[in-house]
Amino acid sequence: MANATSFGLWFYLTPHSGAIDTALMPIFFFCLVSLIAPFPIYADSSWPQKMTDFNYTADNLSEHWQTLTGGFRGPLPSGSWIETSAAQWPMLEAATRMHLVTLADSHPYIAEGLEADEKEQYGRYAHQLRETWALIFNGQLQRASELGLSLGAGGYYPALYAQALRATLTEQAPAQRRVLLEEIIHRTDELLDIAPHHPTIRFGNAYAKARVLETLSVTEALSSGYTSEVLSTLDRLLSENPNHIYAMTLYGGVHAGIVDKAGKLMAKLSYGATPASVQDKFERALSLDPDSAAIRFEYAKALLKVGDRSGRKVAKAHLEKTANLVPASAEQALYVDAAKRALASFKD
């Protein structure tokens, strides 16, 4: 079975415990939950129709959470966990409360909801977060983005995670992929203004910029300033948590892109990027999660950018192993499908 580690977007480890902070906002859009009608589960335009259907729900997600996430995305959203997480980020709480109060002026039912029993509010909000994750695991990526964003900043994690999966794996139009990534950058920039040290927000911002870099020429990449920003953020995240599996994987991918575009000499002189540094980051990540479809797929892509003939053979082996995994979710199935398509056009 394919492991849950993925690189659609966030995999945010808190700096001390190693657990992932699943809620970006501490006080939640409890009242907005009552405004959200039940969403039909339909075939998302971003979900390849030939793939397996998955049937996760907010109610059955607890049975599968560990299998689906591999323990890399923190606890299953629950009222009690959200309440605890909320206390960690008081500035975000204040900003969210202010937003709710503003909405309450024109929506009496929101004002009424703010006065409801606190534990019930947390529980209702957690249910909506679980529903957003269920949509992701079922392959309803656009629907997940919409639901998560409608929950406010507390829903940004799964919402932008889904959006990054779309930009990385399913969106075919380059211009639309860029739009999706730029929105992630914009929304995380806004949150960084009030929570500059939040590891989740910092990684998400770096991830989207790294994906944009993949589409730029050498000149465009230099003028954007993104390369230095991304590497600086990843260095800090890894200094805070040396086992930040997602930071080390993204780091390896960025170094591979630098070598590919700038050449081995300039890449080494400018950023210390070498084929060896790429290999080191990916091997460390694989040591933490050896069955990850996403890590192996990204590793194969990186090797094809920087490797020689022997590197291509290793890349092919990673693609073959990924293609043979049995996915437990739509997210994992996308990587399996991507590996199969890469193998179909692979040239030894």
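Keep in mind it's a predicted model, so treat the numbers as computed, not measured. (Residues numbered from 1 in each chain as written. Predicted model: local features only at pLDDT ≥ 70, side-chain atom pairs only at ≥ 80, totals over all residues. Heavy atoms only, no water.)

A. Highlighting the overall build of the chain. A tally of helices and strands in the chain yields 18 helices and 0 strands. Put simply, the chain has 348 residues, and 54% of those count as buried. Counting only carbon and sulfur atoms, one obtains 54% of the accessible surface of the chain, whose full area is about 14,800 Å². (Helix = DSSP H or I, 4+ residues; strand = E, 2+ residues; numbered from the N terminus. Buried < 20%, exposed > 50% of the residue type's maximum accessible area, 1.4 Å probe, protein only. Areas by Shrake-Rupley, 256 points an atom, 1.4 Å probe, with all protein chains shown as cover.)

B. Main features of helix α8 (residues 156-170). In this model, α8 (15 residues) spans 20 Å end to end at C-alpha, consistent with the 21 Å of a helix rising 1.5 Å per residue. Judged by how many residues are buried, α8 sits mostly within the fold: 14 of 15 residues are covered. (Expected span 1.5 Å × (residues − 1).)

C. Representation of the packing of helix α6 (residues 118-138) against helix α7 (residues 141-150). Running from N to C, α6 and α7 point in directions that differ by 160°, and their axes come no closer than 8 Å. Taken together, the axes of α6 and α7 lie roughly antiparallel to each other. The way α6 lies across α7 gives a crossing that is left-handed. Only Leu141, Arg143, Ala144, Leu147 and Gly148 of α7 make contact with α6, whose side of the interface consists of Gln128, Glu131, Thr132, Leu135 and Ile136. (Axes fitted to C-alpha atoms, helices over the stretch in contact; angles between N-to-C directions. Parallel < 35°, antiparallel > 145°, perpendicular 65-115°, else oblique. Left-handed = near helix turned anticlockwise from the far one by under 90°. Contact = heavy atoms within 4.5 Å.)

D. Examining the packing of α7 against α8 more closely. Running from N to C, α7 and α8 point in directions that differ by 150°, and their axes come no closer than 7 Å. Between α7 and α8, the angle is such that the two are roughly antiparallel. When the axes of α7 and α8 are compared, the crossing they make is left-handed. Residues Leu141, Gln142, Ala144, Ser145, Gly148 and Leu149 of α7 form the contact with α8, whose participating residues are Tyr156, Ala159, Leu160, Ala162, Gln163, Leu165, Arg166 and Thr170. For the contact of α7 with α8, the residue count by class is 8 nonpolar, 5 polar and 1 charged. (Nonpolar A, V, L, I, M, F, W, Y, C, P; charged D, E, K, R; others polar.)

E. Up close: helix α17 (residues 309-323). Here α17 contains 15 residues, and its C-alpha end-to-end distance of 21 Å stays within 8% of the 21 Å for a straight helix at 1.5 Å per residue. Within the span of α17, buried status applies to Gly311, Ala315, His318, Leu319, Thr322 and Ala323. End-on, the buried residues of α17 take up no more than an arc of 135°, which puts them together on one face. Exposed residues on α17 whose side chains face more than 90 degrees from its buried face are Arg309 and Lys313. Packed against the buried residues of α17 are α15 (275-288), α16 (293-306) and α18 (330-344). (Arc of directions from axis to C-beta.)

F. Spotlight on the pattern of salt bridges. Under the counting rule described, the total for this entry stands at 10 salt bridges. Note that Arg187 is salt-bridged to Glu183, the shortest N-O span being 2.8 Å. Of this pair, Arg187 and Glu183 are both found in helix α9 (residues 174-192), 4 residues apart, which corresponds to roughly one turn of the helix. Its relative accessible area of 21% is what places Arg187 among the partly exposed residues. (Salt bridge = Lys/Arg side-chain N within 4 Å of Asp/Glu carboxyl O.)

G. How the structure looks around the environment of Asp53. Mapped onto the fold, Asp53 is located in the loop between α1 (30-33) and α2 (65-69). Put simply, Asp53 and Asn138 are 85 residues apart on the chain and 6.8 Å apart in space, counted from C-alpha to C-alpha.

H. The arrangement of a nonpolar patch on the surface in detail. Taken together, the side chains of Leu265, Met266 and Leu269 make up a nonpolar region of the molecular surface, amounting to roughly 350 Å² of accessible area. Here Leu265 is to be found in helix α14 (residues 264-271). (Patch = residues over 30% accessible without salt bridge, like charges linked within 9 Å, V, L, I, M, F, W, Y side chains within 5 Å.)

I. Quick look at the packing of aromatic side chains. The tally for this structure, following the rule as stated, stands at 11 aromatic pairs. Note on Tyr56 and Phe137: the rings are 6.2 Å apart at their centroids and 75° apart in plane angle, and the pair reads as edge-to-face. Here Tyr56, found in the loop between α1 and α2, pairs with Phe137, found in helix α6; they are 81 residues apart in sequence, far enough to count as distant. Since its relative accessible area comes to 13%, Tyr56 is described here as buried. (Phe/Tyr/Trp six-rings, centres within 6.5 Å; stacked < 30°, edge-to-face > 60°.)

J. Seen up close, the side chain of Gln163. Position of Gln163 relative to the elements: it lies in helix α8. Each residue touching Gln163, except ones within four places of it in the same chain, is listed here: Ser145, Leu180, Glu183 and Ile184.

K. A look at the nonpolar core. Membership of the largest hydrophobic core comes to 86 residues, with the highest contact counts inside it found for Tyr56, Trp133, Ile136, Phe203 and Leu234. By residue number, the principal contributor to this core is helix α13 (residues 245-262), which donates 10 residues. (Core = buried A, V, L, I, M, F, W, Y, C linked by side-chain atoms within 4.5 Å.)

L. Geometry of the environment of Gln121. The residue Gln121 is located in helix α6 in this model. Judged by its relative accessible area of 5%, Gln121 falls in the buried class. For the pair Gln121 and Glu83, spaced 38 residues apart in the sequence, the C-alpha separation amounts to 9.9 Å.

M. Spotlight on the confidence of the model for the chain. Residues of the chain with pLDDT of at least 70 account for 80%, and the chain-wide mean is 82. Helix α12 (residues 226-240) holds the highest mean pLDDT among the elements of the chain, 96, whereas α1 holds the lowest, 36. Here residues 7-43 is modelled with pLDDT under 50, and outside its nearest four sequence neighbours on either side it reaches 160 contacts, counting other chains as well. (pLDDT = per-residue confidence, 0-100.)

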